[in-house]
Amino acid sequence: MAASLVPAAASIHTSQQPQLKQKSSGEQQWMGRFSPNKKLNHLKYFKARVTMSSMNNSRSVEIPRQWYNLVADLQIKPPPPLHPKTLQPVQPQDFSPLFPDELIKQEASTERFIEIPDEVVDIYSLWRPTPLIRAKRLEKLLGTPARIYYKYEGVSPAGSHKPNTAVPQVWYNAQQGVKKIVTETGAGQWGSSLAFACGLFDIDCEVWQVRASYDQKPYRKLMMQTWGAKVHPSPSNITNTGRNILAMDPLSPGSLGIAISEAVEIAAANEDTKYCLGSVLNHVLLHQTVIGEECIKQMEAIGETPDVIIGCTGGGSNFAGLAFPFIREKLKGKINPLIRAVEPTACPSLTKGVYAYDYGDTAGMTPLMKMHTLGHDFIPDPIHSGGLRYHGMAPLISHIYELGFMEAVAIPQIECFKGAIQFARTEGLIPAPEPTHAIAAAVREALHCKETGESKVILLAMCGHGHFDLPAYEKYLQGTMVDLSFSDERAQASLANVPLVA
Ligand SMILES: Cc1ncc(COP(=O)(O)O)c(C=O)c1O
């Protein structure tokens, strides 16, 4: 999550004049790879690849050349992040210890469209455009008159939407000569995406993987290691945050909030190290809009318009990626889909959280962001959707939820896996545990259409495959999966620690 302003650890930087780092020899070396002649060859190869990939995919459209920034079209702008010490709006230089300049600019941008660098489009072309598929066999199984479409991001190297932002984030860091990047990972999808992207640019990568996921998903860890990253379970005894948590609970399952604190602590204390976040922040949501931009064209090409758009929300990036470009069209009055976020009942930040300024991490090192939160020290039960175990929601999504642009529901994991099995046995794909929430909500909607006779068009964000999540399917198939209920008492305790900001 967010940024620098890291009170304790970051004061190492912020106590000095915040300065942008000089280009290092590493950056110069990297830029050398794109010297004018080489760049021409590189672009020739890039154009050929894009054309080839367009021809090979009959459902395909051009890869978008711009990301879409929803902030530009909002009459009421989202509240700014606040410095955790001064409670004043964060200044761009406050973010410098953690992020490269270009990402800091994107974070605060009000431009409607932002150009995607050619080299990033080139790498996108390894898996983009991603397919838009009609789930005809699932429709038949459910006996619904609804038409269900899913936009499938599991074709990326890491198996989800996460590389859509990992690649540009690492690219901008490489441009600035950064040598090492640290991050957290919940489901392992973000960590592996960042490891993949760092491998492409010869940047060292270190990942704090939430303990519950580290234990449940050994192959995600191996994937990250294969791409060259170093992986630590979180909480770890490498950081002050990790040691403090372990002192209180040696068997802590960890949480995204804790893992973020650990990675931010390391980035803030090391001059040559930056931090990347896989969700929540504006620039992450921005990069994911390639999904929705492509999907608008794909739906136009088949003459369909969505009536309902559904996506799961952890920090909100895959949901925003699909929904935001459609919201732009809705604001223009061209279409009128319902936009529905789906979260786990064990971690329901939108449906049960408060809308307040809170920290993005457990240790309170990040700026305060106005968002729906269950409290920064809320540790969700270890459900199988590790990527949805986050106490807060993207400030931009929280803002439009408050404005009434979208709705949200919470669904328990057994219903989600029931939908995932129906999906796998009809459509073939085995979904990651996170999008099973979107599937369950789509099944509910399709069954509602069966009752009413409506032939709605349901568009669903299928943000990843579950090939490394089969132990969760084993639990479901053996009948040993349980619905981990949300405890209001526990949430009250963590909500009491949400800082009071006027
Ligand atoms: C496959 C998958 N889907 C969804 C998520 C949730 O993140 P977001 O809400 O940012 O898309 C994750 C997070 O790790 C994930 O791995």
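These remarks concern the structure in this document. (Residues numbered from 1 in each chain as written. Predicted model: local features only at pLDDT ≥ 70, side-chain atom pairs only at ≥ 80, totals over all residues.)

Attention shifts here to the sheet that holds strand S4 (residues 147-152). The mixed open sheet is built from six strands, whose spatial order is S3-S4-S14-S9-S10-S13. Only two strands of the sheet have a single partner each, and these edge strands are strand S3 (132-134) and strand S13 (407-411). Across this sheet, the average inter-strand angle for adjacent strands is 25°, counted without regard to direction. Here S3 runs beside S4; their pairing, made up of three bridges, is antiparallel. Residue pairing in the sheet places Arg-134 in a bridge with Tyr-149 of S4. (Pairing = 2+ DSSP bridges. Helix = DSSP H or I, 4+ residues; strand = E, 2+ residues; numbered from the N terminus. Axes fitted to C-alpha atoms, helices over the stretch in contact; angles between N-to-C directions.)

As a further point, take helix H14 (residues 290-301). Taking 1.5 Å per residue, 12 residues should reach 16 Å; H14 reaches 17 Å between its end C-alpha atoms and fits that length. Extensive coverage of H14 is indicated by the burial of nine of its 12 residues. Among all positions of H14, only Val-290, Ile-291, Gly-292, Glu-293, Glu-294, Cys-295, Ile-296, Gln-298 and Met-299 are buried. Remark: Gly-303 follows H14 within two positions and exhibits a positive phi of approximately 70°. (Expected span 1.5 Å × (residues − 1). Buried ≥ 20, exposed ≤ 12 C-beta atoms within 10 Å, placed from the backbone.)

This part covers the sheet that holds strand S5 (residues 180-185). Reading across the sheet, the four strands line up as S7-S6-S5-S8 and stay open at both edges, with parallel pairing between neighbours. The strands lining the two open edges of the sheet, one partner per strand, are strand S7 (230-234) and strand S8 (273-275). Strand after strand, the sheet turns through a mean of 25° between neighbouring axes, direction not considered. The strands that helix H8 (residues 189-200) touches are S5, strand S6 (204-210) and S7; relative to S6, the one it contacts most, it runs at about 175°. (Contact = placed C-beta atoms within 7 Å.)

Attention now goes to the packing of helix H11 (residues 240-248) against helix H12 (residues 256-269). With their axes 8 Å apart at the nearest point, H11 and H12 run at an angle of 145° to one another. The segment H11 lies against H12, with Asn-240, Thr-241, Gly-242 and Ile-245 engaging Ile-258, Ser-261, Glu-262 and Glu-265. For the contact of H11 with H12, the residue count by class is two nonpolar, four polar and two charged. (Nonpolar A, V, L, I, M, F, W, Y, C, P; charged D, E, K, R; others polar.)

Okay, the environment of Glu-119 next. On the secondary structure map, Glu-119 appears in helix H5 (residues 118-124). Taking the C-beta count within 10 Å as the criterion, Glu-119 has 21 such neighbours and is therefore assigned buried. Residues Glu-119 and Pro-168, spaced 49 residues apart in sequence, show a C-alpha to C-alpha distance of 9.0 Å.

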